[in-house]
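Fold and contact review
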Amino acid sequence: GELLRMALDVYVGASDRNDFFLLHGVTAAWAMERVLPLLDREGVEGLCLEYIAALASVYVVQGAPTLRPANTRGPSALSDSADAEWATLVEEVLARADRDEHVYKLAQVCAHVRRETPEFHPVCMEATDRVLHTPFFFAPPDYSTA
């Protein structure tokens, strides 16, 4: 859960943009958490270190946007209002005309995270709202000053 929370915090905290590459940090962390139980301790440590290095590298290549605190206010996932808020967002995701798989994947990860860890509801709402309503940000690295 901690790596996934870190990835969500980086994706949501990296300004208000929908960073296409940082989004993959979230979905990769979720997938990695499915694999970790199959590994021995050495494998877990190695994979976690590689993941952290990769996420940090992508963050730097994307210009190291100033991180702001993730949304920690709002109802918990255990409240009726939070569930209604989430259901409305899911309806929007399912009604999308463009069918971009990245929107669905992030929403699916956030749905799973909300069920497993209710206190992640605010950051999952913010992440899903962002991927749904904000155009993808693709920042090609500018190596001209290097």
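Refer to the structure presented above.
In this text the structure is predicted, and so the values were computed from the model without any measurement.

The subject of this paragraph is the nonpolar core. Leu4, Leu8, Tyr11, Val26 and Leu106 are the most contacted members of the largest nonpolar core, which has 36 residues in total. Residue assignment for this core shows that the elements contributing at least two residues are helix H1 (2-13), helix H2 (20-35), helix H3 (41-61), helix H4 (80-94), helix H5 (101-116) and helix H6 (121-133). Setting aside chain neighbours within four positions, we find Leu106 in contact with Tyr11, Leu23, Val26, Thr27, Ala127 and Val131.

Another aspect to go through is H5. Taking 1.5 Å of rise per residue, the 16 residues of H5 would be expected to cover 22 Å, and the 23 Å separating its terminal C-alpha atoms lies within 8% of that figure. Listed in full, the buried residues belonging to H5 are His102, Val103, Leu106, Ala107, Val109, Cys110, Ala111, His112, Val113 and Arg114. Of the residues flanking the start of H5, the one acting as N-cap is Asp100, its side-chain oxygen 2.7 Å from the backbone nitrogen of His102.

This paragraph deals with the packing of H2 against H5. H5 packs onto H2 with a crossing angle of 50 degrees between their chain directions and a minimal axis gap of 10 Å. By the angle between their axes, H2 is oblique relative to H5. Crossing handedness for the pair H2 and H5: left-handed. For the pair H2 and H5, the contacting residues are Phe20, Leu23, His24, Val26, Thr27, Trp30 and Arg34 in the first and His102, Lys105, Leu106, Gln108, Val109, His112 and Glu116 in the second. Taken together, the residues of the contact of H2 with H5 sort by class into six nonpolar, five polar and three charged.

The rules behind the values
- Residues numbered from 1 in each chain as written.
- Predicted model: local features only at pLDDT ≥ 70, side-chain atom pairs only at ≥ 80, totals over all residues.
- Heavy atoms only, no water.
- Core = buried A, V, L, I, M, F, W, Y, C linked by side-chain atoms within 4.5 Å.
- Buried < 20%, exposed > 50% of the residue type's maximum accessible area, 1.4 Å probe, protein only.
- Helix = DSSP H or I, 4+ residues; strand = E, 2+ residues; numbered from the N terminus.
- Contact = heavy atoms within 4.5 Å.
- Expected span 1.5 Å × (residues − 1).
- Polar contact = N/O pair within 3.5 Å; in protein donor to acceptor, adjacent residues only side chain to side chain.
- Axes fitted to C-alpha atoms, helices over the stretch in contact; angles between N-to-C directions.
- Parallel < 35°, antiparallel > 145°, perpendicular 65-115°, else oblique.
- Left-handed = near helix turned anticlockwise from the far one by under 90°.
- Nonpolar A, V, L, I, M, F, W, Y, C, P; charged D, E, K, R; others polar.

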